[in-house]
Amino acid sequence: MYLGVRTTTIITRVIIYTVIIAGAFVLMIPFFWMLSTSLKDEGAVWLFPPRWIPRPIVWENYKTAFTMWPFGLYLLNSVKLVVINITGILLSCSMVAFSFSRLRWPGRDFFFLLLISTMMIPGQVTMIPIFVLFRYFGWIDTFYPLTVPSFFGSPFYIFLLRQFFLTIPREMEEAAKIDGCSTFQIFSRIILPLSKPALGTVAIFTFMGVWNDFMGPLIYLNSESKRTATLALGFFRSAWYGGTHTAVLMASSMIVMLPCLLLFFFAQRYYIQGVVITGLKG
Amino acid sequence: MKRYSSKLARKEALEGYLYALPWFIGFTVFTAGPIIASFLLSFTNWDLIRHPQWISFGNYKTLTEDPLFWQGLKVTSIYATFSVPLGIAGGLAIAVLMNQKIKGLSVFRTIYYLPAVVSGVAVSLLWSWIFNPDFGVLNYLLSLVGIRGPGWIYDEKWALPSLILMSLWGVGGGMVIYLASLQGVPTELYEAAIIDGASSWKRFWSITIPMISPVIFFQLIMGIIGSFQVFTQAYIMTNGGPNNATLFYVLYLYRNAFQWFKMGYASALAWVLFLVILTLTIVQFKIANYWVYYEVGR
C-alpha cells in the first residue's frame, strides 16, 4: 500500500501528539499521587489498590501539619534565609558583574576565566574548611553561615548577570557619561533598571536554591527552633519509619513544594530565560 | 590629553577593582583558601578537638584500602553513567518532538518542566512513597499490566536503578535548553538538505546534532559534575542502604566529616572527588574535539 504525503504527515502528527500527551500525563502522576495522599485519612493511605480520589477528603491533614510541630516557625526560618540571601546575591553579584562587563581594569579577562572555572568546583571540596572557619567564628547553630557568603558573590549568578549586562548598548552610558554621570550613577540608574528581567531570574534561582537547600542547614543548625522547613522535613522522615503520618507528611511536602511551583507559574518567562542563558553559553 | 586619559583609565581600573571586591574576597575566603586548607588538612588526622596531627599520605593510603570509599566511587559512577546520558537523550527527544510546530507548546513545556522546578527533601519524600513496594503508586500501576514490581529502594539490587529512574523525572530541565538551541539552527541548512534528498533521520544526525553539539557538551559536563554531588536523595530515601547499595560518594564524605568528625580523612575524600571531577572534565574536553562542532567565528 502506498500512502499519500498528506496521510503520512497526519499519521506522524497524531503519533507526536500521542507521545507528548502520554509523556505529560506520566510526568504528572507523582504530583497527583502526592496531592491524593495528602487528602486521605490514615486508613485510606494503606489501601490496595489505592483510590485516586480520597473518600472522605481530609483537609485536616494540612492543619495537622502546622499543629503537630512548629511548622509555621520552620517556614518562617526558611523565608528569613531566602530574603537575606536574595538581598546579598543581588547586591554583590550585580556589582561584580558590572565590573566584569562595563569597567576596564588590568587582569579582568584572566579573573573572569578564573571565575568561570570556579563554577566547576564542587562545593564539597571547600565545605570542610569553611565549616572549620565558621566554627572558629562561633557561628555554628546561627544563620550566619547560611547567609553571609551570599554577600560575596556567586560565580554562577555573576556569569548570568554579566551576559545580560553585555547586551545593553554602550551608547546609553556614553551619553550619560557626557552628561556627567558618575560610575555609580551609571550602575544604579542605567544598568540596574534595564536589567530587571535578569535580576528577577537571579532572585528566583536564589529562592529555589536556598528554599530547597538541605546539606547547609543540616551541617550548621542544631537547635530545633532554628530549623528550616526543608531540614525539618528531613527530620520528620526519620521519625516516620513507623509508617504513620504518611498523609500529613505528604501534606507537609506539598506545602514546601508549593512556593516553588507557584513561583514557576507566575515567573515562567524569567525562569526559562535564565535557564536558557546559562545553559546555552557554556 | 594623554595624561588625562591615563588618569581616567586609572580611575576606571580602581573602580573596577572596587566593584569586583565582593567576589575577590569571596574567592579568597570561600574558594581559594578552603581549597588549599582542604589540601593541607588531607594530610592530617583531626577530630576538631585535639590539634591536627600530620600523618603525611596516611589518609590517602587508608583510602585505597577502604572498601566503602570504592563503593562510594562505584555507586556514584554507575549513577552518572546512566542518569546523565539518559537525561540528555530524553530531554533532547522531547525537545525534538516539541519543535514540530505543535499546538499548545507553552502548556506542554510548562508541564514537562514542572518536575525540574522542585527538588530536595520534599521530592525525596514523595518518591519514597511512590516507591513503597506494597502501597506505592508505581507497583500499583505495574500491577495493572500484570507485573509484580520489585522492592525498589528497599531492595539492594533495585535501589540504585530506582534513584536513576527518579532523576529522569526532571528530564524537562534540559528539554527547555535543547528546545531553545534547536530553534537557533538556521532553516536554510534543512532546506538545502531536503533539496539534496536527505531523509529526516539523516538530517537529524548530520545537521541538528552537530549544530547543537556545544549545548549537549555543556549539559554533559554540568550533568556529570552534578551527579557526583548527589546527597539529599541518598540521605533521605535510603540513607546509603540497603547494604551500601546507594552509598553515594558525598554521603560517605558527609558521614566522615560530620558524623565521625574525621576531618582529615574527609578532606582527603574531598580532594579525590575534586581530582576525579577535574579529570573527567579534561577528558570530556579532549573527546569533545572529535564530536563537538563550533561554528567558525563563534
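Residues numbered from 1 in each chain as written. Chains lettered and ligands numbered in written order. Predicted model: local features only at pLDDT ≥ 70, side-chain atom pairs only at ≥ 80, totals over all residues.

## Let's talk about the overall build of chain A
Rule in force here: Every helix listed is a DSSP run of H or I at least four residues long, and every strand listed is a run of E at least two residues long, numbered separately from the N terminus. The globule rule is 2.2 Å times the number of residues to the power 0.38, and the radius of gyration it is compared with is taken over C-alpha atoms. Any residue with 12 or fewer other C-beta atoms within 10 Å of its own C-beta is exposed, any with 20 or more is buried, and the rest are partly exposed; the C-beta atoms used are placed from the backbone. Two residues qualify as a contact pair if the distance between their C-beta atoms, derived from the backbone, is within 7 Å.
In terms of helices and strands, chain A carries 15 helices and zero strands. The C-alpha radius of gyration of chain A comes to 24 Å, more than 25% above the 19 Å expected for a compact globule of 282 residues. Across the 282 residues that make up chain A, the buried fraction comes to 40%. Across chain A, every contact between residues at least 6 apart in sequence was considered, and the portion connecting residues at least 24 apart equals 75%.

## Considerations on the overall build of chain B
Of the regular secondary structure elements, chain B holds 13 helices and two strands. On C-alpha atoms alone, chain B measures out to a radius of gyration of 25 Å, which is more than a quarter above the 19 Å that the 2.2 N^0.38 rule sets for 298 residues. Dimensions of chain B along its principal axes, counting C-alpha atoms only, are 85 × 75 × 35 Å. Counting only contacts in chain B whose residues sit at least 6 apart along the sequence, the fraction spanning at least 24 positions is 67%.

## A word on the interface of chain A and chain B
Going by this rule: All amino acids are sorted into three groups, where Ala, Val, Leu, Ile, Met, Phe, Trp, Tyr, Cys and Pro are nonpolar, Asp, Glu, Lys and Arg are charged, and the leftover types, Gly among them, are polar.
On the chain B side, the residues contacting the 69 residues of chain A number 72 residues. Going through the elements one at a time, helix 1 (5-38), helix 4 (71-102), helix 5 (108-118), helix 6 (123-136), helix 12 (215-220), helix 13 (229-238), helix 14 (246-266) and helix 15 (268-280) of chain A are the ones with two or more residues in the side of chain A that touches chain B. Per-element accounting of the side of chain A that touches chain B gives the leading share, 13 residues, to helix 1 of chain A. In terms of residue class, the side of chain A that touches chain B is built from 49 nonpolar, 17 polar and three charged.

## Re the packing of helix 3 (residues 67-98) of chain B against helix 10 (residues 200-227) of chain B
Residues and elements named next belong to chain B. To keep things clear, this is the line we draw: Note on definitions: angles span 0 to 180 degrees between N-to-C directions of axes, and those axes are lines fitted to C-alpha atoms, for helices only across the stretch in contact. Two helices crossing with the near one rotated counterclockwise from the far one by less than a right angle form a left-handed crossing, whereas a clockwise rotation gives a right-handed crossing.
Packing of helix 3 against helix 10 brings their axes to within 10 Å, and their N-to-C directions diverge by 145°. The hand of the helix 3/helix 10 crossing is right-handed. In contact with Tyr79, Ala80, Ser83, Val84, Gly87 and Ile88 of helix 3, helix 10 contributes Ile216, Gln219, Leu220, Gly223, Ile224 and Ser227. Per-class residue counts for the contact of helix 3 with helix 10 are seven nonpolar, five polar and no charged.

## Comments concerning the domain arrangement of chain A
For an interface, size is often stated in terms of accessible area lost upon the parts coming together. Residues and elements named next belong to chain A. To be explicit about the condition: Start and end positions for the domains come from either an automated domain assignment or a database one.
As far as domains go, chain A holds domain 1 (5-62) and domain 2 (69-280). Between domain 1 and domain 2, the contact holds 11 residues from the first and eight residues from the second. Secondary structure elements with two or more residues in the side of domain 1 that touches domain 2: helix 1, helix 2 (42-45) and helix 3 (60-67). The dominant element in the side of domain 1 that touches domain 2, judged by the number of residues it contributes, is helix 1, at four residues. Among the residues forming the side of domain 1 that touches domain 2, the class breakdown is five nonpolar, three polar and three charged.

## As for the packing of helix 11 (residues 196-212) of chain A against helix 14 of chain A
Residue and element names in this part refer to chain A. Put simply, the rule is: Comment on the angle field: the value is read as roughly parallel under 35 degrees, roughly antiparallel over 145, roughly perpendicular from 65 to 115, and oblique elsewhere.
The contact between helix 11 and helix 14 brings their axes to 10 Å, and the two run at 165°. Regarding the angle of helix 11 to helix 14, the classification is roughly antiparallel. Here the hand of the crossing between helix 11 and helix 14 comes out left-handed. Only Pro259, Cys260 and Leu263 of helix 14 make contact with helix 11, whose side of the interface consists of Ile204, Phe207, Met208 and Trp211. Here the residues of the contact of helix 11 with helix 14 are counted per class, giving seven nonpolar, no polar and no charged.

## Side note on helix 10 of chain B
Residues and elements named next belong to chain B. The condition is simple: Any helix carries an expected span of 1.5 Å times its number of residues minus one. Two axes are fitted around each residue, one to the seven residues ending there and one to the seven starting there, and the angle between them is reported as the bend at that residue.
Compared with the 40 Å implied by 1.5 Å per residue over 28 residues, the 33 Å span of helix 10 between its first and last C-alpha is markedly short. Ser213 marks where helix 10 bends most, by close to 60°; the proline Pro214 follows one to four residues later. Regarding helix 10, the residues found buried are Thr208, Ile212, Val215, Ile216, Phe217, Gln219, Leu220, Gly223, Ile224 and Ser227.

## Observations regarding the nonpolar core
Worth spelling out the cut-off: In plain words, the nonpolar core is the set of buried Ala, Val, Leu, Ile, Met, Phe, Trp, Tyr and Cys residues that C-beta atoms within 7 Å link up.
Within the largest apolar cluster, 147 residues are counted, with the highest numbers of intra-cluster contacts made by A:Ile158, A:Leu161, A:Val202, B:Leu253, B:Leu269 and B:Leu273. Excluding residues within four positions of it along the chain, A:Leu161 makes contact with A:Cys93, A:Ser94, A:Ala97, A:Ser195, A:Ala198 and A:Val202.

## Regarding the confidence of the model for chain B
What counts here: Every residue is assigned a pLDDT by the predictor, reflecting its confidence on a scale from 0 to 100.
Taken over all residues, the pLDDT of chain B has a mean of 89, while the share at 70 or more is 97%. The weakest mean pLDDT in chain B belongs to helix 8 (residues 172-182) of chain B at 86; the strongest belongs to helix 12 (residues 249-259) of chain B at 95.

## Re the domain arrangement of chain B
What the domain assignment reports for chain B is domain 1 (2-41) and domain 2 (67-121 + 165-291). Taking only C-alpha atoms into account, the centre of domain 1 of chain B sits 33 Å from that of domain 2 of chain B.

## Things to note about the confidence of the model for chain A
The predicted model of chain A averages 88 in pLDDT, with 94% of residues at 70 or higher. The secondary-structure element of chain A with the lowest mean pLDDT is helix 15 of chain A, recorded at 75, while helix 7 (residues 144-147) of chain A shows the highest, at 96.

## Regarding unusual backbone geometry
Going from A:Arg55 to A:Pro56, the amide bond is cis rather than trans, its omega being -5°. With respect to the helices, strands and loops of the structure, A:Pro56 is situated in the loop between helix 2 and helix 3. With an omega dihedral of -15°, the bond running from B:Gly241 to B:Pro242 counts as a cis peptide bond. Note that B:Pro242 resides in the loop between helix 11 (232-238) and helix 12. Phi is positive for A:Asp141, which is not a glycine, with a value near 65°. Mapping A:Asp141 onto the fold places it in the loop between helix 6 and helix 7. One non-glycine residue, B:Trp152, lies in positive phi territory at about 45°. Along the chain, B:Trp152 turns up in the loop between helix 6 (137-144) and helix 7 (159-168).

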